[in-house]
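Now for the letters of each chain:
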Amino acid sequence: MGDRNKDKKRLTMWELYLTKEIGIEFKACLYFFAILFFYCVVRLIGGVFVADMLHMLEMILACYVIGYIQVYLLWNFDEADSLGGKELLGMVICTVVYTMLSYLFKWFDRSLLATLIFAAYVLLCYICVYFIYKSKRYIDDKRLNEDLRIFQSEHKK
């Protein structure tokens, strides 16, 4: 009976896979929103008040593909515990891919200035997301430690 309860507490392969998939879904939505925001600002500055649906499709597909690459090949760098060379390399690689795609698919009409600013913006987004995840982990740890302290104090009585 004890082994059965122990097995129920362990994460299954399905749960581990599902956790990664949910993370990728979240990343795709987050980065798509950030990229779409930048795209819309550039369009508005240029006097264009509509967004190209094909560009949006390219952006969301790019976000999903890069999300999978991030999680399965590049160490899930934006959720890392510390920001080191490996994590920065992952950020730079993904930034370069997004930048190349933006130029290839003419998201910014192949404007070199807009493309370079976009690259800096994407890199800044990655750094911000890293710190957001790090802050969330810190807060979650504090909450769990407080819950543990309360649990322990209730069971000592």
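Refer to the structure presented above.
Before going into details, it helps to say that this report is about the structure given with it. (Residues numbered from 1 in each chain as written. Predicted model: local features only at pLDDT ≥ 70, side-chain atom pairs only at ≥ 80, totals over all residues. Heavy atoms only, no water.)

## A look at the pattern of salt bridges
- By the definition in use, this model includes five salt bridges.
- One salt bridge in this structure joins D78 and K27, with 2.5 Å as the shortest N-O distance. Remark: K27 occurs in helix α2 (residues 13–45) and D78 occurs in the loop between α3 (53–72) and α4 (85–104); sequence separation between them is 51 residues.
- Ionic pairing is found between R149 and E146, a salt bridge with its closest N-O pair at 2.4 Å. Taken as a pair, R149 and E146 lie in helix α5 (residues 112–156) at a separation of three residues, close to a single helical turn. (Salt bridge = Lys/Arg side-chain N within 4 Å of Asp/Glu carboxyl O. Helix = DSSP H or I, 4+ residues; strand = E, 2+ residues; numbered from the N terminus.)

## Focus on the environment of I117
- Here I117 is to be found in helix α5.
- You can call I117 partly exposed: its relative accessible area is 43%.
- Spatially, the C-alpha atoms of I117 and T99 are 9.6 Å apart, while their sequence positions differ by 18 residues. (Buried < 20%, exposed > 50% of the residue type's maximum accessible area, 1.4 Å probe, protein only.)

## Some details on the packing of α2 against α5
- In contact at an axis separation of 11 Å, α2 and α5 are set at 145 degrees when each is read in the N-to-C sense. Both α2 and α5 take part in a crossing whose hand is right-handed. Counted together, F26, K27, L30, Y31, A34, I35, F37, F38 and V42 of α2 and A114, I117, F118, Y121, C125, Y126, V129 and Y133 of α5 form the full contact between these two elements.
- Of the residues that constitute the contact of α2 with α5, the class distribution is 16 nonpolar, no polar and one charged. (Axes fitted to C-alpha atoms, helices over the stretch in contact; angles between N-to-C directions. Left-handed = near helix turned anticlockwise from the far one by under 90°. Contact = heavy atoms within 4.5 Å. Nonpolar A, V, L, I, M, F, W, Y, C, P; charged D, E, K, R; others polar.)

## Examining the packing of aromatic side chains
- The tally for this structure, following the rule as stated, stands at 12 aromatic pairs.
- Plain terms: the ring middles of F26 and Y133 are 6.5 Å apart, the flat faces sit at 70 degrees to each other, and that makes the pair edge-to-face. In this pair, F26 sits in helix α2 while Y133 sits in helix α5, placing the two residues 107 residues apart along the sequence.
- Looking at F26, the relative accessible area reads 48%, which means it is partly exposed.
- Measuring from ring centre to ring centre gives 5.5 Å for F38 and F118, while their planes differ by 50 degrees; the resulting arrangement is tilted. On the criterion of sequence distance, the pair formed by F38 in helix α2 and F118 in helix α5 is long-range, its members being 80 residues apart. Each member of the pair, F38 as well as F118, is classed as buried. (Phe/Tyr/Trp six-rings, centres within 6.5 Å; stacked < 30°, edge-to-face > 60°.)

That's the geometry; what it means functionally is another story.
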